[in-house]
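What the coordinates show
For reference, the chains in residue letters:
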Amino acid sequence: MTEPGTSDRRCLHERIAADLRDEIMSGDLAPGADLPSTMQLKARFDASSATVQKALQLLKDERLIIGRPGTAVTVRERRQRTMRPAAYMAPSAAGEPYRWLTEAAGHGRRARSRLLGVSEAAPPADVSAALGLPGNGTALLRRQVLLIDDEPVELVKCYYPLDIAHGTPIMERRRIRGGTPTLLAGLGFPPRLSVDKVSARVPTQEQYNALRLPTSLPVLRTLRVVYSDDERPVEAAVMVKAGHLYELQYEFTPE
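Please read all numbers here as calculations on a predicted model, not as lab measurements.

1. Considering the overall build of the protein
A tally of helices and strands in the protein yields eight helices and 10 strands. A sequence separation of at least 24 residues applies to 64% of the contacts in the protein between residues at least 6 apart. Carbon together with sulfur atoms contributes 50% to the accessible area of the protein, which is approximately 13900 Å² in total.

Below you can see the structure in the form of structure tokens.
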């Protein structure tokens, strides 16, 4: 409902899509369920057939629903994936792949990472502050995109202090067996604490293209800072995923 004294300036088809999107993501419209008919949606939103179809096309482009000629429009199976960051923070066992890959594969999916580049770079201000870099300081940047079933799901930029990265495989343009948590632990920097800051952002051009986003819906941006012994920051990662397709699950035990 719109609060008194306010107005929703979005086009009607965008408002219809927003309401249906919320029902899909909250589970009111379950995976495999039929959406209300065009006639029902016309009556509910006081909209024309063309406006309803325009709203449904947005949801199709976002891979939330499926519609075929002569059949009802249905909610896609596995429309939203739940990511559990704590499940892949610890170093992998010797010879094992990065925990993110095994966690995704455990749900019957094909997961892989594609390294986009390795270079020395000036981090964003929040990353620079997290790593304790001087004003014009640089860090080692590893850029990659994570894919599930060949669909890009997350754009990841990991920054490392140069004194830690220098002379190690972190600086090489190749994937690291077991992931950087395992490598850092082997270098004497085991992860002791991880702090996440999650925010919703409008996607940048880079994020929009890398994740093949259909619209400018918000993305989830996580800034994760990993600390080792003596509270030393050893990694700061900026992870971005499509907000309408993914949710984060954190579990806490009361002290």
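Having seen it, we continue.
2. Focus: the side chain of Ser-128
Assignment of secondary structure puts Ser-128 in helix α5 (residues 125-131). According to the relative accessible area criterion, Ser-128 is buried, its value standing at 11%. With sequence-adjacent residues up to four places away left out, Ser-128 is seen in contact with Pro-123, Leu-133 and Pro-134.

3. Topic: empty space enclosed by the protein
If you roll a probe as big as a water molecule over the atoms, it shows you where there is empty space left. This structure, assessed with the given rule, holds two cavities of 30 Å³ or more. Partitioned by chemical class, the residues of the lining of the second largest cavity number seven nonpolar, no polar and one charged.

4. A short note on the pairing of strand β5 (residues 139-148)
Where burial is concerned, most of β5 is hidden: nine out of the 10 residues are buried. As paired strands, β5 and strand β6 (residues 151-160) are joined by nine bridges and run antiparallel to one another. Note on β6: the bridge partner recorded for Leu-140 is Tyr-160. Taking the residues that link successive antiparallel strands as the turn, the β5-β6 hairpin has two residues, and the phi of Asp-149 there is positive, at about 50 degrees.

Criteria and cut-off values
Residues numbered from 1 in each chain as written. Predicted model: local features only at pLDDT ≥ 70, side-chain atom pairs only at ≥ 80, totals over all residues. Heavy atoms only, no water. Helix = DSSP H or I, 4+ residues; strand = E, 2+ residues; numbered from the N terminus. Contact = heavy atoms within 4.5 Å. Areas by Shrake-Rupley, 256 points an atom, 1.4 Å probe, with all protein chains shown as cover. Buried < 20%, exposed > 50% of the residue type's maximum accessible area, 1.4 Å probe, protein only. 1 Å grid on protein atoms, 1.4 Å probe; cavity = no way out; pocket = protein on both sides within 12 Å on 5 of 7 lines; lining within 4 Å. Points joined across faces, edges and corners; volume = space filled by probe spheres on them. Nonpolar A, V, L, I, M, F, W, Y, C, P; charged D, E, K, R; others polar. Pairing = 2+ DSSP bridges.

Fair warning: the whole summary comes from geometry, so function is off the table for now.
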